[in-house]
Amino acid sequence: MAKKSKKDASEPIADIIRQLAAEKGISESEVKTTISKMIIAAYQKSFGKQYENCIVEFEDDLSAYHVYAEKEVVDGVYDPVIEIELDEAKELTESAEVGDILRIVLDPKTDFQRGAVSVGKQEGHKDLNENSSKKLIDEYKEKIGETIIGYFQRSYKDNIFVDIGGRVEGVLPKKYQSPREVYENKTDRIKALIKDVKKTNNGVQVILSRTDENLVRNILESEVTEIQEGIVVINSIAREAGYRTKIAVSSTKMDVDPVGACVGLKGVRITNVIRELEGEKIDVLRYDEDPHVFIKNALSPAEVLQVIIKDSEKREALVIVSDENFSIAIGKLGQNVRLANRLCDWIIDVKTESQTAELDLTENYTAKASAEKLFAGSENTAAEEEEITSILQLPGVDMAAAELIKAAGYDDIEAFITAYDDGSLENIEGVTKEQLDSINSIIGEYVEFEEEAVEEQDAAEEAEEEYFCPECGEKITLDMTKCPKCGAEFSFEEE
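For clarity, every value in this text was computed on a predicted model and none was experimentally measured. (Residues numbered from 1 in each chain as written. Predicted model: local features only at pLDDT ≥ 70, side-chain atom pairs only at ≥ 80, totals over all residues. Heavy atoms only, no water.)

1. A look at the overall build of the protein chain
Basically, it comes down to this: Helix numbering and strand numbering both begin at the N terminus, where a helix is a DSSP run of H or I of at least 4 residues and a strand a DSSP run of E of at least 2. The classification of residues rests on relative accessible area computed with a 1.4 Å probe and restricted to protein chains. Under 20% of the type maximum is buried, over 50% is exposed, and intermediate values are partly exposed. Two residues qualify as a contact provided that any one of their heavy atoms is within 4.5 Å of a heavy atom in the partner residue. Accessible surface area values rest on a Shrake-Rupley calculation with a 1.4 Å probe, where residue burial reflects the displayed protein chains alone.
Tallying secondary structure elements over the protein chain gives 17 helices and 18 strands in all. With 495 residues in all, the protein chain has 43% of them scored as buried. For the protein chain, long-range pairs separated by at least 24 residues make up 57% of all intrachain contacts whose partners lie at least 6 apart in sequence. By element, 45% of the accessible surface of the protein chain is carried by carbon and sulfur atoms, the whole surface being about 28,700 Å².

Structural data, given as structure tokens:
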């Protein structure tokens, strides 16, 4: 039977517990657990680490705590740390019997060794810091990918330390810094993406980034309400931090221009984004499921003459531009085409008209075999030809008119020809008759329709045709030279 001794009053610690909880960002319950561990560590320092009979209890209102040592009542003490003599136990509790467990009140100030309390405090501080760090790490792990605002604090070994408030330290490593940005004053504001969070010897560090593509995504989303509402969608982003970013956007509503929504009235929205990125150039372009159109858009500001899908499975494409547009399409040090590659997730090879002049691209618009020859530099490359189905695939076509025709539902070449013949295309707003005539002319020049079905039909009709003798009317066949009935001679000639 367990017996409990009279409680020993201690000084109120409620304020201390609440203060520690606030400072460390942990609960009062966690602080209580830490204090208990601290006292138990001091007890074991005093009596031995093997003893686990120390108990710490708190008043419900946190006004005091009590420390006890649980001891077994015995008739002849062998270990005084965990045992108490029956006579001594009866002085505390008259009903005490051998085998009972009593809680003996302890006073850490007098019952513990002098250095034990210091050890307990060290354990307590260590436990508090670990709990606080774990809480902070869990908190910031949930924020990875979000944008945070801080202020320049100091620079050390090319790393920038950022004051982001709270009990954590923000660090902007050299590899995540934009090359065009310089921070020197403590008033310098830094908006960055939370990349990671980790524990160090000095506490918790939040790793920040100014080069991540999602930083641009977050900033653009904060500026464009249509993105927040799901009307405009950011399909992909390609970025070379400090220099240029390409953003492909689309709209879930036909009447909303996604590019215009991102740019804003008089360019206000995109100007705000550029300002946040310290003047980094930003190209906002329209996303399209048709790779011909998307690749063309991605290479802006270059004007593309033709996009040829070399291998759809390997996602390889050949782009033809005029000689004067070649440097624009490639960009400085290949930057423009490199960003287009990443934005579209296609391997894009840019060639000029003069470079492709010897290639025969007229029989098949995609000219897959010719394109592969150009890519591989070999005449032995063999590939299956792709079928032309869209007016957007036609060489030299007016792309603005083609886009309007596609929006009207006549992108398919056969559908275009049918609508052109019956005059339906003349109702498309923004497309002139001259543009329609030009597209129809290009179709006639570059598109060849299969006539196998017609030839097979003619052969079938020829096979079913019957012949008769001109003299007696007897049925004859093409291999006869004389009528089997009347003997008249004849021969067959082609008309």
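2. Comments concerning the environment of Tyr 51
Selection rule: We call two N or O atoms a polar contact when they sit within 3.5 Å, provided that within protein one can donate a hydrogen and the other can accept it, with sequence-adjacent residues counted only if both atoms are side-chain atoms.
Secondary-structure assignment places Tyr 51 in the loop between α2 (28-47) and β2 (54-58). Given the relative accessible area of 12%, Tyr 51 is considered buried. Put simply, Tyr 51 and Val 81 are 30 residues apart on the chain and 8.0 Å apart in space, counted from C-alpha to C-alpha. Once residues within four sequence positions are removed from consideration, Tyr 51 is found in contact with Tyr 43, Gln 44, Asp 79, Val 81 and Ile 82. Here the side chain of Tyr 51 touches Asp 79 through a polar contact of 2.7 Å, side chain to side chain.

3. Considerations on the sheet that holds strand β10 (residues 203-209)
Test applied: Here a strand pair is declared whenever DSSP counts at least two bridges between the two strands. Every axis in this analysis is a line fitted to C-alpha atoms, fitted for helices over the stretch in contact. Angles between the N-to-C directions lie between 0 and 180 degrees.
The strand order β6-β7-β8-β10-β9 describes a closed barrel built from 5 strands, whose pairing is mixed. Going from strand to strand, the sheet's axes swing by 50° on average, the running direction of each strand aside. Bridge count for strand β9 (residues 189-200) against β10 is 7 bridges, and the pairing is antiparallel. The residue bridging Val 197 from the neighbouring strand is Val 206, located in β10. Sitting on the sheet, helix α6 (residues 213-223) is in contact with β6 (147-156), β9 and β10, with an inclination near 130° to β9.

4. Examining the packing of aromatic side chains
Quick reminder of the rule: Pairing of aromatic side chains requires ring centres within 6.5 Å, counting the rings of Phe and Tyr and the six-membered ring of Trp. Pairs whose planes differ by under 30 degrees are stacked, by over 60 edge-to-face, and all others tilted. Charge-over-ring placement is defined geometrically: NZ (Lys) or CZ (Arg) within 6 Å of the ring centre, and within 35 degrees of the ring normal.
All told, the structure shown has 4 aromatic pairs when counted by the stated rule. Judged by centre distance (6.0 Å) and plane angle (45°), the ring pair of Phe 58 and Tyr 65 falls under tilted. For the residue pair Phe 58 and Tyr 65, the accessibility class agrees, reading buried in each case. Ring centres of Tyr 287 and Phe 294 lie 4.8 Å apart, and the angle between their planes is 75°; this geometry places the pair in the edge-to-face category. Its guanidinium or amino end placed over the ring of Tyr 68, Arg 103 lies 5.9 Å from that ring's centre, counting from NZ or CZ.

5. As for the pairing of β9
Of the pairings in the sheet, the one linking β6 to β9 comprises 5 bridges and is antiparallel in character. In the sheet register, Gly 150 faces β9, and the bridge partner there is Ile 190. Connecting β9 to the next strand, β10, in antiparallel fashion are 2 residues.

6. Here's the deal with the side chain of Asp 212
Note on placement: Asp 212 falls in the loop between β10 and α6. At a separation of 2.6 Å, a polar atom in the side chain of Asp 212 contacts the side chain of Lys 195. Looking at Asp 212, its side chain comes within polar contact range of the main-chain nitrogen of Asn 214, at 2.7 Å.

7. Overview of the confidence of the model for the protein chain
What counts here: As a per-residue measure, pLDDT reflects the predictor's confidence and takes values from 0 up to 100.
For the protein chain, per-residue confidence averages 80 on the pLDDT scale, and residues scoring 70 or more make up 84% of the total. Below a pLDDT of 50 lies the segment residues 452-456, which in the model reaches 0 contacts outside its immediate sequence neighbourhood of four places, other chains included.

8. Digging into the pattern of salt bridges
Cut-off, in case you're wondering: A side-chain nitrogen of Lys or Arg and a carboxyl oxygen of Asp or Glu constitute a salt bridge if their distance falls within 4 Å.
On inspection of all chains with the given rule, the structure shows 22 salt bridges. Notably, a salt bridge pairs Glu 276 with Lys 191, separated by 3.6 Å at the nearest N-O pair. In this pair, Glu 276 sits in helix α9 (residues 268-276) while Lys 191 sits in strand β9, placing the two residues 85 residues apart along the sequence. We classify Glu 276 as buried; its relative accessible area is 19%. Among the residues examined, Lys 191 registers a relative accessible area of 14% and is labelled buried.

9. A look at the environment of Glu 85
Locating Glu 85 in the fold gives a position in strand β4 (residues 83-85). Residue classification places Glu 85 among the partly exposed residues on the basis of a relative accessible area of 24%. Distance in space between the C-alpha atoms of Glu 85 and Val 98 is 8.7 Å, their sequence separation being 13 residues. When sequence neighbours within four positions are dropped, the list of residues in contact with Glu 85 reads Val 74, Asp 75, Gly 76 and Val 77.

10. Side note on the packing of helix α15 (residues 413-422) against helix α16 (residues 433-446)
Worth spelling out the cut-off: Note on terminology: angles under 35 degrees are roughly parallel, angles over 145 are roughly antiparallel, angles of 65 to 115 are roughly perpendicular, and the others are oblique. Here a crossing is taken to be left-handed if its near helix is turned anticlockwise relative to the far helix by less than a right angle, and right-handed if that turn runs clockwise. Basically, the charged four are Asp, Glu, Lys and Arg, the nonpolar ten are Ala, Val, Leu, Ile, Met, Phe, Trp, Tyr, Cys and Pro, and anything else, Gly included, counts as polar.
Axis separation between α15 and α16 bottoms out at 11 Å; the angle between their running directions is 130°. Considering the angle they form, α15 stands oblique to α16. In the packing of α15 onto α16, the handedness of the crossing is left-handed. On the side of α15, the interface is formed by Ile 413, Phe 416, Ile 417 and Tyr 420, while α16 contributes Leu 436, Asp 437, Ile 439, Asn 440 and Ile 443. Along the lines of polarity and charge, the residues of the contact of α15 with α16 split into 7 nonpolar, 1 polar and 1 charged.

11. Focus: the pairing of β6
Relative to strand β7 (residues 159-163), β6 is paired through 5 bridges, and the arrangement is antiparallel. If you follow Phe 152 over to β7, its bridge partner there is Val 162. Linking β6 to β7, which pair antiparallel, is a turn of 2 residues; within it Lys 157 sits at a positive phi near 50°.

12. Re unusual backbone geometry
Negative phi characterises most residues that are not glycine, and trans characterises most peptide bonds. In this structure, Pro 301 follows Ser 300 across a cis peptide bond, with omega equal to 15°. Turning to its location among the elements, Pro 301 is positioned in the loop between α10 (291-298) and β14 (304-311). Residues other than glycine seldom take positive phi values, yet Arg 315 does so here, at roughly 60°. With respect to the secondary-structure elements, Arg 315 resides in the loop between β14 and β15 (316-321). Residue classification places Arg 315 among the partly exposed positions, given a relative accessible area of 32%. In the Ramachandran plot, Leu 333 falls in the positive-phi region, its phi being about 55° despite a non-glycine side chain. Looking at the element boundaries, Leu 333 is found in the loop between α11 (326-330) and α12 (335-344).

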